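Residues per chain are reported as follows:
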Amino acid sequence: MCMGCHCRAPLAAAVLAARGGDAVEVRSAGIRDWHVGRGAHPVMVEVAAEHGYDLSAHRGIQVSKEILAWADVVLAMDARVLEALRGLVDRESGPEVALYLGDRDVPDPWEKPRDAFTECVTTVEAGAHQHVALT
């Protein structure tokens with residue numbers, strides 16, 4: 001599961017699903033309810049499509065106990081989300097939680113120029129190998 005804003009997390013879910021094929025099931029959710037029911041950021045939808053990822057059907061959901069029980073691993077897009085997740089996950093029986101990039105945040109393109117969205121796609125693609133075997 002990928003956690004973060006409605007820019008980065010839906011993108012990361014799409015990249016991991018594409019790279020992992022049938023061996024991977026990925027979902028995207030947010031910590032807060034700000035984007036519940038809403039699509040991914042329009043610029044991210046466009047830029048992702050240019051890189052072969054279809055985010056048009058994405059609708060935001062908020063993390064829940066059911067989703068956390070479903071997940072084996074929950075990947076946070078940034079340290080702030082990671083800390084919030086650690087407060088929600090049962091450390092003994094819950095999923096592993098980690099930063100998507102391992103040691104740093106995925107840059108948030110929100111309210112930035114289109115180039116920042118392209119950079120985000122490139123960064124997320126480059127980090128995918130840490131989580132799935134590239135197909």
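Residues numbered from 1 in each chain as written. Predicted model: local features only at pLDDT ≥ 70, side-chain atom pairs only at ≥ 80, totals over all residues. Heavy atoms only, no water.

A. Spatial organisation of the state of the cysteines. All chains considered together, the criterion is met by 0 disulfides. Cysteine cysteine 120 is unpaired, with the sulfur of cysteine 7 as its nearest cysteine sulfur at 7.1 Å. (Disulfide = S-S within 2.5 Å.)

B. Fine view of unusual backbone geometry. Even without a glycine there, the phi angle at glutamate 111 is positive, about 60°. With respect to the helices and strands, the residue glutamate 111 is situated in the loop between strand E4 (96–99) and helix H5 (114–127). (Helix = DSSP H or I, 4+ residues; strand = E, 2+ residues; numbered from the N terminus.)

C. Region of interest: the layout of surface pockets. For the second largest pocket, the calculated volume is near 270 Å³. As for the second largest pocket, its lining consists of 13 residues, of which Met1, Val24, Glu25, Val26 and Val73 are closest to the centre. Here the residues of the lining of the second largest pocket are counted per class, giving 10 nonpolar, 1 polar and 2 charged. (1 Å grid on protein atoms, 1.4 Å probe; cavity = no way out; pocket = protein on both sides within 12 Å on 5 of 7 lines; lining within 4 Å. Points joined across faces, edges and corners; volume = space filled by probe spheres on them. Nonpolar A, V, L, I, M, F, W, Y, C, P; charged D, E, K, R; others polar.)

D. Region of the structure containing the packing of helix H2 (residues 42–50) against H5. Put simply, H2 and H5 touch, their axes get as near as 9 Å, and they point 50° apart. Taken as axis vectors, H2 and H5 run oblique relative to one another. H5 is crossed by H2, and the crossing has right-handed handedness. From H2, Val43, Met44, Glu46, Val47 and Glu50 reach across to H5, where they touch Arg114, Phe117, Thr118, Cys120 and Val121. The class makeup of the residues in the contact of H2 with H5 is 6 nonpolar, 1 polar and 3 charged. (Axes fitted to C-alpha atoms, helices over the stretch in contact; angles between N-to-C directions. Parallel < 35°, antiparallel > 145°, perpendicular 65-115°, else oblique. Left-handed = near helix turned anticlockwise from the far one by under 90°. Contact = heavy atoms within 4.5 Å.)

E. Region of the structure containing the packing of aromatic side chains. Scanning all chains against the criterion turns up 0 aromatic pairs. Taking the ring centre of tryptophan 70 as reference, the NZ or CZ of arginine 27 above it sits at 3.9 Å. (Phe/Tyr/Trp six-rings, centres within 6.5 Å; stacked < 30°, edge-to-face > 60°. Lys NZ or Arg CZ within 6 Å of the ring centre and 35° of its normal.)

F. Fine view of the nonpolar core. Judged by nonpolar contacts, the single largest core of 24 residues is most densely connected at Leu11, Met44, Tyr100 and Val124. Only helix H1 (8–20), H2 and H5 provide two or more residues apiece to this core. Here this core gets 6 residues from one element, more than from any other, and that element is H1. In contact with valine 124, other than residues within four places in its own chain, are Leu11, Ala12, Val15, Tyr100 and Val106. Counting residues in each nonpolar core, the second largest holds 15 residues, with Ala29, Ile67, Val74 and Leu82 among its members. (Core = buried A, V, L, I, M, F, W, Y, C linked by side-chain atoms within 4.5 Å. Buried < 20%, exposed > 50% of the residue type's maximum accessible area, 1.4 Å probe, protein only.)

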